Amino acid sequence: MLYTPTPRAAPNPPVPPLPLPELYSRVERHVPPFEWRILADDIAAILKLKREKNAVILAHNYQTPDIYHTVADIVGDSLALAREAVRTDAEVIVLAGVHFMAETAKLLNPEKTVLIPDLEAGCSLASSITAEDVRLMRARHPGVPIVTYVNTSAAVKAESDICCTSGNAKKIVEALGVPKVIMLPDEYLARNIAAQTEVEIIAWMGHCEVHERFTADDIRDLRATHPGVTVLAHPECPPEVVAECDFTGSTAAMADYVGQRRPSRVVLLTECSMSDNVALQYPDLDFVRPCNLCPHMKRITVPKIRRALETMSHEVTVPPQIAERARRSVERMLAFG
Ligand code: 13P
Ligand code: SF4
C-alpha cells in the first residue's frame, strides 16, 4: 500500500499591517486592533472630507479617545471651544459635543456652517430651564443681573445678561461688581461658586445628570480603597462632594492639574471619557476609574462624524431674533478673557 502523507494545514495568512499606524499609536492603549480596523476607514474618510470641505472638528473633553485623539482639530472645555470657534477660519465647524456647544459656535459664527453629528445630543442642564423661566426670575428679582451657564439653549442665553462656563464662573460673578447675582441653571455650580465669593447668589434647581450622582461617600470609599489618591471633581458635582475633593475645576482645569502636578494616583469625578483621554497622555500615572457616562456626549461617534461631513448635516441654526441677544451674552463673557 502506498503511503500518502497527510496534507499540511495551510499556514495562517499574514496579518495585514494596521491602517493609519501613526494615528493608532495615539490610542493603542485604549482601542484594540480589531476595533481600529473597523474605525480606520471612517477616520481616513473624515480626514479627507475635512480637507475637501475646509472643515474643522471641535471636540469636547468628554468625547471618546478615538474622536479626541485622532480626528479632532481642537479639543477643550466649553470655554476653549467657544474661543476657538471665534478664531477658526474654516468654513465648516463640526461640533463633537452636545447641542448647546454647537449653538454657541453658531452664535459666534453666523456666516459659517455649523454641524452636529447627532441632533439628539442634549444636556440635562440645558433642558432644565426655558426662556420663560428666565423672564420670571428677572421679574421676581428686579435689577439683579442674570449670569447664565453656557449649558443652556440660545433662547435662555438671549434672556440673560452674561454667560459663564465652569472655567470662568467665579471671575464673571465678581467682575460684575454687584452684591447679588442670579446664576442659572446649575444649582450645584451656583452653590460651589457661592462658597468661594462674597457675592450673594440666587440659584436655579437644574442639575447635571452625570455629576449629581457622585457622593461624598464615594470619595471616602475611594480614599480608603486607594490610599494616596488625589481626587479632582467638576464643579457640577454637589457641594458636599466638592468639599471633600482635593481640587475642583472645569474639565480643562482638571487636565491641566494632572499635567502640572502629576499626582501618581488620581481620580477624576466627572464623565468617563475625560479620564480615558487624560490617561492616554500620561501613561505613567495611575487613574482610578469610578466615573459616569454622559448619554448625550456618547451619541457622537466616528461614523456619525463621517456622515455629518458627507451629508453636511445636521446644520445648527438659531433664529435671528434670538441669535443677536444670545450672542451678546456670550460675547460679554468672552470679553472678560
Ligand atoms: P466644561 O466647561 O468644564 O468642559 O464642562 C462642560 C460640561 O458639560 C460638563 O459637564
Ligand atoms: Fe450636560 Fe452633564 Fe452631559 Fe455635561 S455631562 S453635557 S452638563 S448632561
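Residues numbered from 1 in each chain as written. Chains lettered and ligands numbered in written order. Predicted model: local features only at pLDDT ≥ 70, side-chain atom pairs only at ≥ 80, totals over all residues. Heavy atoms only, no water.

Visitor: Can you help me understand the side chain of E236 in this one?
Guide: Within the element layout of this structure, E236 appears in the loop between β9 (230–233) and α11 (239–244). One buried charged residue, E236, forms no salt bridge at all, with the nearest opposite charge on R213 at 11 Å. Of the polar contacts made by the side chain of E236, one reaches the side chain of H211; its length is 3.1 Å. Leaving out residues up to four positions away in the same chain, E236 has contacts with L125, Y149, N151, D186, Y188, C208, H211 and E212. (Helix = DSSP H or I, 4+ residues; strand = E, 2+ residues; numbered from the N terminus. Buried < 20%, exposed > 50% of the residue type's maximum accessible area, 1.4 Å probe, protein only. Lys, Arg positive; Asp, Glu negative; His and termini not counted. Salt bridge = Lys/Arg side-chain N within 4 Å of Asp/Glu carboxyl O. Polar contact = N/O pair within 3.5 Å; in protein donor to acceptor, adjacent residues only side chain to side chain. Contact = heavy atoms within 4.5 Å.)

Visitor: Would you take a moment to explain the packing of aromatic side chains for this structure?
Guide: Considering all chains together, one arrives at two aromatic pairs under this definition. Plain terms: the ring middles of Y24 and W36 are 5.1 Å apart, the flat faces sit at 45° to each other, and that makes the pair tilted. One end of the pair, Y24, is in helix α1 (residues 21–27); the other, W36, is in helix α2 (residues 33–53), with 12 residues separating them in the sequence. On the basis of relative accessible area, Y24 is assigned to the buried category, the value being 7%. (Phe/Tyr/Trp six-rings, centres within 6.5 Å; stacked < 30°, edge-to-face > 60°.)

Visitor: Looking at this model, I keep getting lost on the nonpolar core. Mind explaining?
Guide: Note that soluble globular proteins tend to have their nonpolar side chains buried in a common cluster. Among the nonpolar cores identified, the biggest contains 89 residues, and M183, V258, L268, F287, I305 and M333 are the most heavily contacted of them. Apart from residues lying up to four places away in sequence, M183 is in contact with V147, C164, A169, V173, L189, A190, I193, I201, I202, A203 and W204. The next biggest cluster of nonpolar side chains, apart from the first, holds 13 residues, and it includes I219, L222, V229 and V267. (Core = buried A, V, L, I, M, F, W, Y, C linked by side-chain atoms within 4.5 Å.)

Visitor: Just to check I follow, could you spell out the site of ligand 2 for this structure?
Guide: Close to ligand 2 lie Y62, V98, C123, S124, L125, N151, C208, V210, E236, C294, H296 and M297. Taken together, the residues of the shell around ligand 2 break down into eight nonpolar, three polar and one charged. (Near = heavy atom within 4 Å. Nonpolar A, V, L, I, M, F, W, Y, C, P; charged D, E, K, R; others polar.)

Visitor: Before we go on, may I ask you to explain unusual backbone geometry in this structure?
Guide: Both trends apply: most residues other than glycine have a negative phi, and most peptide bonds are in trans. The residue after L184, namely P185, is reached through a cis peptide bond having omega -15°. Secondary-structure assignment places P185 in the loop between β7 (180–184) and α9 (187–194). Of the consecutive residues S313 and H314, the connecting peptide bond is found in the cis state with omega at 5°. You can see H314 is positioned in the loop between α14 (302–311) and α15 (320–335). Despite not being glycine, L20 shows a phi value in the positive range, around 45°. Position of L20 relative to the elements: it lies in the segment before α1.

Visitor: Got a minute to help me understand the state of the cysteines in this structure?
Guide: In protein chemistry, a disulfide is the covalent bond that joins the sulfur atoms of two cysteines. Tallied over the full model, the rule gives one disulfide. Sulfur-sulfur distance for the disulfide between C272 and C291 comes to 2.2 Å. One disulfide, between C272 and C291, carries an S-S torsion of 100° and so falls in the right-handed class. Here C291 lies in the loop between β12 (286–288) and α14 and C272 lies in helix α13 (residues 272–281), a separation of 19 residues in the sequence. Look at C272 and you get buried, because its relative accessible area is 12%. C291 gets classed as partly exposed once you look at its relative accessible area, which sits at 24%. Free cysteine: C245, not disulfide-bonded; nearest cysteine sulfur from C237 at 7.7 Å. Residue C245 is classed as buried on the basis of its relative accessible area, which comes to 14%. (Disulfide = S-S within 2.5 Å.)

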